[in-house]
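Residue-level structural notes
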Amino acid sequence: MVDKLETGMKLQAMYYDGEFYPATVVTVSESQKRAKKPVKVHFVGYTDADDAWLGLDGLKSKRLPKAAGKAKAKAKAKAKAKRKMGYERPLKVKVGDEIPDVSLDKGFPPEKVNLKEFCKGKKVVLVGLPGAFTPT
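Residues numbered from 1 in each chain as written. Predicted model: local features only at pLDDT ≥ 70, side-chain atom pairs only at ≥ 80, totals over all residues. Heavy atoms only, no water.

Observations regarding the pairing of strand 3 (residues 39-43)
Along strand 3, four of the five residues are buried, which leaves the element largely enclosed by surrounding structure. Here five bridges tie strand 2 (residues 20-28) to strand 3, and the two strands are oriented antiparallel to one another. The partner of Ala23 across the bridge, within strand 3, is Phe43. Here strand 3 pairs with strand 4 (residues 52-54) via three bridges, running antiparallel. Bridged to Val41 within strand 4 is Ala52. (Buried < 20%, exposed > 50% of the residue type's maximum accessible area, 1.4 Å probe, protein only. Helix = DSSP H or I, 4+ residues; strand = E, 2+ residues; numbered from the N terminus. Pairing = 2+ DSSP bridges.)

Some points on a nonpolar patch on the surface
Nonpolar side chains collect at one region of the surface, where Leu104, Val124 and Leu126 lie side by side and expose about 250 Å² of accessible area between them. Structurally, the position occupied by Val124 is in the segment after helix 2 (115-119). On the basis of relative accessibility, which here comes to 40%, the residue Val124 falls in the partly exposed class. (Patch = residues over 30% accessible without salt bridge, like charges linked within 9 Å, V, L, I, M, F, W, Y side chains within 5 Å. Areas by Shrake-Rupley, 256 points an atom, 1.4 Å probe, with all protein chains shown as cover. Salt bridge = Lys/Arg side-chain N within 4 Å of Asp/Glu carboxyl O.)

Examining the sheet that holds strand 3
Pairing within the open sheet is antiparallel, and its five strands lie in the order 4-3-2-1-5. Looking along the sheet, the strands with just one partner apiece sit at the ends: strand 4 and strand 5 (59-60).

Some thoughts on the packing of aromatic side chains
How two aromatic rings sit relative to each other is set out by the distance from centre to centre and by the angle between their planes. Summed over all chains, the structure comprises four aromatic pairs. Centre to centre, the rings of Tyr15 and Tyr46 are 6.1 Å apart; their planes meet at 40°, and the pair counts as tilted. Remark: Tyr46 occurs in the loop between strand 3 and strand 4 and Tyr15 occurs in the loop between strand 1 (10-14) and strand 2; sequence separation between them is 31 residues. Its relative accessible area of 5% is what places Tyr15 among the buried residues. Look at Tyr46 and you get buried, because its relative accessible area is 13%. (Phe/Tyr/Trp six-rings, centres within 6.5 Å; stacked < 30°, edge-to-face > 60°.)

Overview of the pattern of salt bridges
Evaluation of the coordinates by the stated rule reveals three salt bridges. Where Lys112 meets Asp105, a salt bridge forms, and the shortest distance between an N and an O atom there is 3.2 Å. Residue Lys112 shares its accessibility class with Asp105, and that shared class is exposed.

And the structure:
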């Protein structure tokens with residue numbers, strides 16, 4: 001199946017949160033060490049640090065056979081478990097983008113604030129810092 005993939009090919013790839021996102025094939029390995037996850041992909045709009053090695057079950061393309069229903073259910077359960085633990089796909093916001101509807105902690109002691117409501121009608125510079133003892 002791997003022989004149907006080629007460098008530069010566009011497809012959907014499973015990110016760490018268990019959801020599929022647009023990606024490009026960076027390389028396809030034929031090494032025995034990479035037998036389980038032979039395809040390295042780059043997620044569109046993200047840095048090279050987010051590139052991942054995936055198996056065929058983590059890829060969707062018209063050139064590949066459809067995954068079985070069990071694999072899909074397992075991926076959703078895994079994604080749900082990760083979200084409960086606080087590991088979610090990082091949100092990338094660019095200049096000119098609409099403010100996302102998310103809640104953030106503001107001040108000390110932390111107070112939950114809806115970012116979209118907080119920024120309504122204002123010019124805003126948003127600076128984010130990782131917290132101590134958090135999975136960043």
